[in-house]
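So you can see what is in the structure, the chains are spelled out below.
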Amino acid sequence: MTFDHSVGGVCVSEIYSVVAIFKPPNAMRGGIQMCFPQFGYSGTLERHGFARNRIWTLDDEHPPINHNDNGSKVSVDLILKPSEDDLKCWPHCFEFRLRVSLSKDGDLSLVSRIRNVNGKPFSFSFAYHTYLSVSDISEVRIEGLETLDYLDNLSHKERFTEQGDAITFESEVDRVYVSSPNVVAVLDHEKKHSFVIRKEGLPDVVVWNPWEKKSKTMIDFGDEEYKQMLCVDAAAVERAITLKPGEEWTGKLELSAVSSTNCSDHLDHPVSI
């Protein structure tokens, strides 16, 4: 499942590959994908789970979400329930409610609520698999993840500690930064703007760029497109989320595009989604 919007000529999250396959059951290469109930190949399901490849419906009976937006946001409420085929491969009944909101200032927010309507507990991993549009990956840096431990998927999930003052890119990167702060910034020096990522209920951040060699092996990704994209995902990957019958989990994401000169103010700003 993907969402697409731009604010003031700045593409906030919606980069799509020019060779993306827009045909079920293939996932679309771009946008923001709902990775549930599995991220990556961490379980027995298809990569990143099945939620991103399903048809969602409008949620006419959505429970209220407490926030004080004073009418400054427009929102749509969606719901996903498992099909018979889903239950065959993952035998757990759930309700996945998703609210997508766009503020008058151009901030995009997503609130996911997953409820266990099963008779027994179940566990899952989750990520907002977010494709960001950048001018040149070699001119991009991520701030907010320095000194953190990460699991390197290019080294069989071996654990390392980030040593740099910021994350920069010179080769393929596929990492899960664990126990991360709730605010992370992606600075694009050429465009002179930054993406500010705020999150709640999602302890990890996944950083991915396939670089040149892997790009050429992906049928739905252009050979040179790695230069203009970066995935930075708010996620719960290292430790699975477990829900008892009747329990509900909430995970929130907000994306903002700001001037790079004001980025440090946003990193110090408390999360309010």
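Residues numbered from 1 in each chain as written. Predicted model: local features only at pLDDT ≥ 70, side-chain atom pairs only at ≥ 80, totals over all residues. Heavy atoms only, no water.

Novice: Looking at this structure, how should I read the overall build of the chain?
Specialist: Regarding its fold elements, the chain presents three helices and 17 strands. Counting over 273 residues, the chain shows a buried share of 52%. A fraction of 68% describes how many contacts in the chain between residues 6 or more apart in sequence connect residues 24 or more apart. As presented, the chain carries roughly 13,000 Å² of accessible surface, and 48% of it is formed by carbon and sulfur atoms. (Helix = DSSP H or I, 4+ residues; strand = E, 2+ residues; numbered from the N terminus. Buried < 20%, exposed > 50% of the residue type's maximum accessible area, 1.4 Å probe, protein only. Contact = heavy atoms within 4.5 Å. Areas by Shrake-Rupley, 256 points an atom, 1.4 Å probe, with all protein chains shown as cover.)

Novice: Before we go on, may I ask you to explain the confidence of the model for the chain in this structure?
Specialist: Detailed reading of predicted coordinates is not advised where the pLDDT is low. Residue-level pLDDT values for the chain average 87, and 82% of them are 70 or greater. In this model, residues 1-13 is a region of pLDDT below 50 whose contacts with residues beyond four sequence positions or in other chains number 51 contacts. (pLDDT = per-residue confidence, 0-100.)

Novice: So what exactly am I meant to see when it comes to the environment of Ser 138 here?
Specialist: Considering the arrangement of structural elements, one finds Ser 138 in the loop between β8 (122-133) and β9 (140-143). On the basis of relative accessibility, which here comes to 42%, the residue Ser 138 falls in the partly exposed class. For the pair Ser 138 and Phe 169, spaced 31 residues apart in the sequence, the C-alpha separation amounts to 5.6 Å. Within the structure, Ser 138 has its side chain in polar contact with the side chain of Asp 136 (distance 2.8 Å). (Polar contact = N/O pair within 3.5 Å; in protein donor to acceptor, adjacent residues only side chain to side chain.)

Novice: Would you explain the sheet that holds strand β16 (residues 229-243) in this entry?
Specialist: Sheet strands pair by backbone hydrogen bonding; their relative direction is either parallel or antiparallel. Overall, antiparallel pairing links the seven strands, which are arranged β3-β8-β16-β15-β12-β10-β11 in an open sheet. Looking along the sheet, the strands with just one partner apiece sit at the ends: β3 (32-35) and β11 (158-161). Taken pair by pair, the neighbouring strands of this sheet meet at an average axis angle of 25°, ignoring direction. Bridging between β3 and β8 involves four bridges; their strand directions are antiparallel. Residue pairing in the sheet places Gln 33 in a bridge with His 129 of β8. (Pairing = 2+ DSSP bridges. Axes fitted to C-alpha atoms, helices over the stretch in contact; angles between N-to-C directions.)

Novice: I keep staring at the pairing of strand β14 (residues 193-200) and nothing clicks. Help me out?
Specialist: Looking along a regular strand, one sees the side chains alternate between the two faces of the sheet. In terms of burial, β14 is a largely internal element, seven of the eight residues being buried. As paired strands, strand β13 (residues 183-188) and β14 are joined by six bridges and run antiparallel to one another. Residue pairing for β14: Val 183 is matched across the bridge by Arg 198. Count of turn residues in the β13/β14 antiparallel hairpin: four residues, of which Lys 192 carries a positive phi of about 60°.

Novice: Would you mind showing me how to read the state of the cysteines here?
Specialist: A covalent bond between the sulfur atoms of two cysteines is what we call a disulfide. All chains considered together, the criterion is met by zero disulfides. Of all cysteine sulfurs, the one in Cys 231 lies closest to Cys 35, which takes part in no disulfide; the gap is 9.3 Å. (Disulfide = S-S within 2.5 Å.)

Novice: Is there a simple way to explain the nonpolar core in this structure?
Specialist: Proteins that are soluble and globular tend to have nonpolar side chains buried together. Counting 57 residues, the largest nonpolar core has Phe 96, Phe 124, Ile 142, Phe 169 and Leu 230 as the members making the most contacts within it. Take this core: its biggest share by element is eight residues, from β16. Dropping the residues within four chain positions of it, Phe 124 is found in contact with Phe 36, Pro 37, Trp 90, Ile 114, Ala 240, Ile 241, Leu 243 and Trp 249. Counting eight residues, the second largest nonpolar core, distinct from the first, contains Phe 39, Ala 127, Val 176 and Ala 235. (Core = buried A, V, L, I, M, F, W, Y, C linked by side-chain atoms within 4.5 Å.)

Novice: Just to check I follow, could you spell out the pairing of β8 for this structure?
Specialist: Burial analysis of β8 places 11 of its 12 residues in the buried class, the great majority of the element. With nine bridges connecting them, β8 and β16 associate as antiparallel partners. Residue pairing across strands places Ala 127 opposite Ala 235, the latter belonging to β16.

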